[in-house]
Amino acid sequence: MLDRYFKLGFFPTPIERLENLSKVFNGYNIFIKRDDLTGLATGGNKTRKLEYLLYDALNNGYDTVITAGAYQSNHCRQTAAACRKARLECYLVLGGEAEPEPDGNLLLDILLGANIHYTTRSRRGEKMDEIADGLRKQGKKVYIIPYGGSNATGMIGYVRAMVELKEQIDEMGIEFHYIFIPTSSGGTQSGMLLGEEITGLKSRIIGINIDKEETYGIPLEDYIMKLIEEGADKLRIKAHVSKEDVIVVREYDSAGYGVLTENERKAIKLLAETEGILLDPVYTGRGFFGMIDMLEKGMLEKGTNILFWHTGGTPAIFHYGKSLL
Ligand SMILES: *Cc1c(COP(=O)(O)O)cnc(C)c1O
């Protein structure tokens, strides 16, 4: 099952020690894993999920993919690119309205030739089924990918990512006590937790919550547990992950999805100026801020190794533009 994927990215993604940042937070060894460098149309965490989703679509004879997201969705941009490589037709259902001067991810969606439906306020694919039905009436075989690519198929990408991490860790001869990720639709965190079970890794995975709204009407923790169970079924293993292992930190999401605050500005500036690495305003800026805030407040044990998992999002920088400064 883990080896049934359609290759879209360059793996393993690098891990580097953040020498300068580790000096700022004395007593901690801070590392970064660069999933912003997966290589698919500026990269990001959706590449790993799409390798499994598009394999499934191709293997079952679909010719068209539909997915959804926010107006600046990284998932949609990567899906548009992945569909080109797999020679599938791509439909995107985006929140917001058609823009006379598209930028950031939206610009790339258009460059990649995706068919775009704008749905103003809804950004989680509420209109997807209806649009998919219309496409089916035209004779297309439509494969629906939920927003964020987070279902039992997509999350397998992050199970495999943990196998990759285990190999890197063995080679480096270290362990990570904590892994920080921005968490939103749950595919990344659920895959990592199930991946820990398979690999025996024992890092505490700390998800910094990005989107304060519920996921399909339930708390994100519950949705993550559901994905872990479904993913385990697919892999024909038994999951022993308990709800206490699902750490979702909600301290930093109060401004709402995609709303830039001083927190994200501070995080983006700090990593740019210490290490020359770019974070994005929506996900990794917020996630990284959560990590440094917890370090500053002394909430993590001293002397530990900490991994920040960079999940991508680079193009959104060029949508937020000078508001980042
Ligand atoms: C989608 C996304 C996330 C969140 O991943 P989920 O699997 O949806 O929880 C984090 N960072 C970036 C840059 C993303 O695009």
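Residues numbered from 1 in each chain as written. Predicted model: local features only at pLDDT ≥ 70, side-chain atom pairs only at ≥ 80, totals over all residues. Heavy atoms only, no water.

Tallied over the entire structure, the rule returns nine aromatic pairs. Summarising the aromatic geometry, the rings of tyrosine 147 and tyrosine 216 are spaced 5.7 Å apart at their centres and angled 50° between planes, so their arrangement reads as tilted. Placement of tyrosine 147 in the loop between strand E6 (142-144) and helix H6 (156-172) and of tyrosine 216 in the loop between strand E8 (204-209) and helix H8 (220-235) is noted, with a sequence separation of 69 residues between them. Tyrosine 147 gets classed as buried once you look at its relative accessible area, which sits at 9%. Each ring, one from tyrosine 252 and one from phenylalanine 289, has its centre 5.7 Å from the other, and the planes form 80°; the classification is edge-to-face. With tyrosine 252 in the loop between strand E9 (247-249) and helix H9 (262-275) and phenylalanine 289 in helix H10 (residues 284-296), the pair connects residues that are 37 residues apart, well separated along the chain. Pair check on accessibility: tyrosine 252 and phenylalanine 289 agree, each one buried. One aromatic cluster is present, formed by Tyr147, Tyr216 and Tyr223 through successive ring pairs. Just above the ring of tyrosine 283 sits the side chain of lysine 46; from NZ or CZ to the centre is 5.6 Å. Here the basic side chain of arginine 48 rests over the ring of tyrosine 158, its NZ or CZ set 5.5 Å away from the ring centre. (Phe/Tyr/Trp six-rings, centres within 6.5 Å; stacked < 30°, edge-to-face > 60°. Helix = DSSP H or I, 4+ residues; strand = E, 2+ residues; numbered from the N terminus. Buried < 20%, exposed > 50% of the residue type's maximum accessible area, 1.4 Å probe, protein only. Lys NZ or Arg CZ within 6 Å of the ring centre and 35° of its normal.)

Across the sheet, four strands lie side by side as E5-E4-E3-E6; this open sheet has parallel pairing. In this open sheet, the two edge strands, each paired with only one partner strand, are strand E5 (115-118) and E6. This sheet shows a mean twist of 25° between the axes of neighbouring strands, independent of strand direction. Pairing of strand E3 (residues 64-69) with strand E4 (residues 89-94), which is carried by six bridges, proceeds in the parallel orientation. Across the sheet, threonine 64 pairs through a bridge with glutamate 89, a residue of E4. (Pairing = 2+ DSSP bridges. Axes fitted to C-alpha atoms, helices over the stretch in contact; angles between N-to-C directions.)

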